[in-house]
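Chain residues, written in single-letter form:
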Amino acid sequence: MINMDAVIYDVVGIGNAIVDVLAKVGDGFLSERNLPKGGMSLVEAKEAGKIYADIIPEREVSGGSAANTVAGLASLGAATAFIGKVHDDELGQDFSRDIGAAGIDFFTEPLTQGPSTGRSIVLVTPDAERSMFTYLGASEKLSEEDIDENIIKAGKIIYLEGYLWDKEEAKKAMVKACELAHKHNRKVAFSLSDKSVVKRHRQEFLNLVKDYVDILFGNEEEIKTLFAENDFYKTLEMLKPDVEIAAITRSAKGSVVVNGRTITFVEAEKVDDVVDSTGAGDLYAAGFLYGIINERSLGTCAMIGSIAAAEIISHYGARPEVSLRGFVRKKLLQYGKKP
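Residues numbered from 1 in each chain as written. Predicted model: local features only at pLDDT ≥ 70, side-chain atom pairs only at ≥ 80, totals over all residues. Heavy atoms only, no water.

**Comments concerning the overall build of the chain**
On a plain count of helices and strands, the chain comes out with 13 helices and 14 strands. Here the C-alpha atoms of the chain give a radius of gyration of 19 Å, agreeing with the 20 Å that 2.2 N^0.38 yields for 339 residues. Each of the 339 residues in the chain was classed as buried or not, and the buried ones make up 57%. Long-range pairs, those at least 24 residues apart, make up 74% of the contacts in the chain with a sequence separation of at least 6. Of the roughly 14,500 Å² that the chain leaves accessible, carbon and sulfur atoms contribute 47%. (Helix = DSSP H or I, 4+ residues; strand = E, 2+ residues; numbered from the N terminus. Rg over C-alpha atoms; globule rule 2.2 N^0.38 Å. Buried < 20%, exposed > 50% of the residue type's maximum accessible area, 1.4 Å probe, protein only. Contact = heavy atoms within 4.5 Å. Areas by Shrake-Rupley, 256 points an atom, 1.4 Å probe, with all protein chains shown as cover.)

**Side note on helix H12 (residues 298-312)**
If you check H12, its first and last C-alpha atoms are 21 Å apart, about what 15 residues at 1.5 Å a residue would give, namely 21 Å. Burial analysis of H12 places 14 of its 15 residues in the buried class, which makes it a mostly covered element. (Expected span 1.5 Å × (residues − 1).)

**Side note on the sheet that holds strand S11 (residues 215-219)**
One open sheet holds the nine strands; their spatial order is S6-S5-S1-S9-S10-S11-S12-S13-S14, and the pairing between them is mixed. Each edge of the sheet is formed by a strand with only one pairing partner; in this case those strands are strand S6 (104-106) and strand S14 (262-266). Averaged over all pairs of adjacent strands, the angle between their axes in this sheet comes to 20 degrees, without regard to strand direction. In this sheet, S6 lies alongside strand S5 (residues 80-83) in parallel orientation, the contact comprising three bridges. By the bridge assignment, Phe82 is partnered in S6 with Phe106. Set on the sheet, helix H3 (residues 65-76) makes contact with strand S1 (9-14), S5, S6 and strand S9 (155-161); between it and S5 the angle comes to about 170 degrees. Contacting strand S12 (245-249), strand S13 (255-259) and S14, H12 crosses the sheet at an angle of about 150 degrees to S13. (Pairing = 2+ DSSP bridges. Axes fitted to C-alpha atoms, helices over the stretch in contact; angles between N-to-C directions.)

**Quick word on the nonpolar core**
If you look at the biggest cluster of nonpolar residues, it comprises 51 residues, and the most contacted ones within it are Ile14, Ile152, Leu160, Phe190, Leu216 and Leu239. In terms of residues, this core owes the most to one element, helix H6 (residues 168-183), which gives seven residues. Apart from residues no more than four positions distant in its own chain, Leu160 is found in contact with Ile14, Met174, Ala177, Cys178, Val188, Ala189, Phe190 and Ser191. Membership of the second largest hydrophobic core comes to 47 residues, among which are Val70, Phe106, Val257 and Ala308. (Core = buried A, V, L, I, M, F, W, Y, C linked by side-chain atoms within 4.5 Å.)

**Brief notes about unusual backbone geometry**
Of note in this structure, Ala128 is not a glycine but carries a positive phi near 75 degrees. Within the secondary structure layout, Ala128 lies in the loop between strand S7 (118-124) and strand S8 (130-135). By relative accessible area, which is 4% here, Ala128 ends up buried. Unlike most non-glycine residues, Ala228 shows phi in positive territory, near 50 degrees.

**What to know about the pairing of S11**
The buried count for S11 comes to four of five residues, which makes it a mostly enclosed element. By the bridge criterion, three bridges tie strand S10 (residues 187-191) to S11 in an arrangement that is parallel. Along S11, the bridge assignment pairs Ser191 with Phe217.

**Focus on the packing of H12 against helix H13 (residues 324-334)**
Two quantities define a packed helix pair, namely the angle between the helix axes and the distance between the axes. Direction vectors running N to C along H12 and H13 enclose 120 degrees, while the axes themselves pass 10 Å from each other. Compared by their axis directions, H12 and H13 come out oblique. Seen from above, H12 lies across H13 with right-handed handedness. The residues of H13 that touch H12, namely those facing Met303, Ile304, Ile307, Ala308 and Glu311, are Leu324, Phe327, Val328, Lys331 and Leu332. Class assignment for the residues of the contact of H12 with H13 results in eight nonpolar, no polar and two charged. (Parallel < 35°, antiparallel > 145°, perpendicular 65-115°, else oblique. Left-handed = near helix turned anticlockwise from the far one by under 90°. Nonpolar A, V, L, I, M, F, W, Y, C, P; charged D, E, K, R; others polar.)

**Focus on the sheet that holds S8**
As summarised here, the arrangement of the five strands in space is S3-S8-S7-S2-S4, forming an open sheet in which the pairing is mixed. Each having just a single partner strand, strand S3 (39-42) and strand S4 (59-63) make up the two edges of the open sheet. The sheet shows a mean angle of 25 degrees between the axes of neighbouring strands, taken without regard to direction. Pairing of strand S2 (residues 18-24) with S4 involves five bridges; the strand directions are antiparallel. Following the sheet pairing, Val21 is matched in S4 by Glu60. Helix H2 (residues 45-53) contacts S2, S4, S7 and S8 of the sheet and is inclined by roughly 40 degrees relative to S7. Along the sheet face, helix H4 (residues 90-101) touches S2, S4 and S7 and points at about 70 degrees away from the line of S4.

As structure tokens, this is what we get:
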């Protein structure tokens, strides 16, 4: 156990520790290999190797949904930590180095044997849609032992990604983190992550949201899948009794925030050239949570989320290429908002 008595984090993220490998491909690349377009598909090491052999990587960067969110928060100026599992191999060392360079505390002990560090091959087609093929590797070995109560206690908000729910040990780790967070009166934020993940675990996610989640993130399709309801506006009503705050992204339609009897609609930030949608939801969550920890109105939280997401989709990769703190501050001033 690490003595964290003097440390207070704004957000502690828990998620898959993986390295993103980004490449541009044509639509034919996917169809020729019978690879599904859009969303995230889990693959084994062998299949990941075959896809990797056929691409020319644009870049390799530490990734993972929750890790992207805490990186965004760190760029905004928040104090953050991350819990996730890597192997003590070259990619694992790269991940640790990158996340430390972003100003994020990362104490999770790496594996010294077993599966290699996880990687996600992110194929971006000309329409900026991203199709992810993820080998979880060491990240799926995250366990209850990796959830340090002192780190959870040191965070104001504990942020979890739905992708973790695919593995039993990681699922137990998530529940432990939720229980510890509420034991110490911390907020639990949860991202639904992906429509396919929600489909696989729909009832368990409903239970998790009702029992533990204070702040819920998802996009329109994920929320409709969660409630098995095609009418988006009905899902907004269904959310109200289950969660304190829900922030739902709707791509170019902006986002919607549900808080009790109040529903707030916020426009999307305009982007002239959408290059790559990878990480848009992760960075929206970062901006929104930054607003929460700074006690901004929920409408302003959603606005900051949209601004952060706009920066990410203007280039390849899911990590900010500028200081988000300065970027968001400038945009808020333009809109007559307090930075």
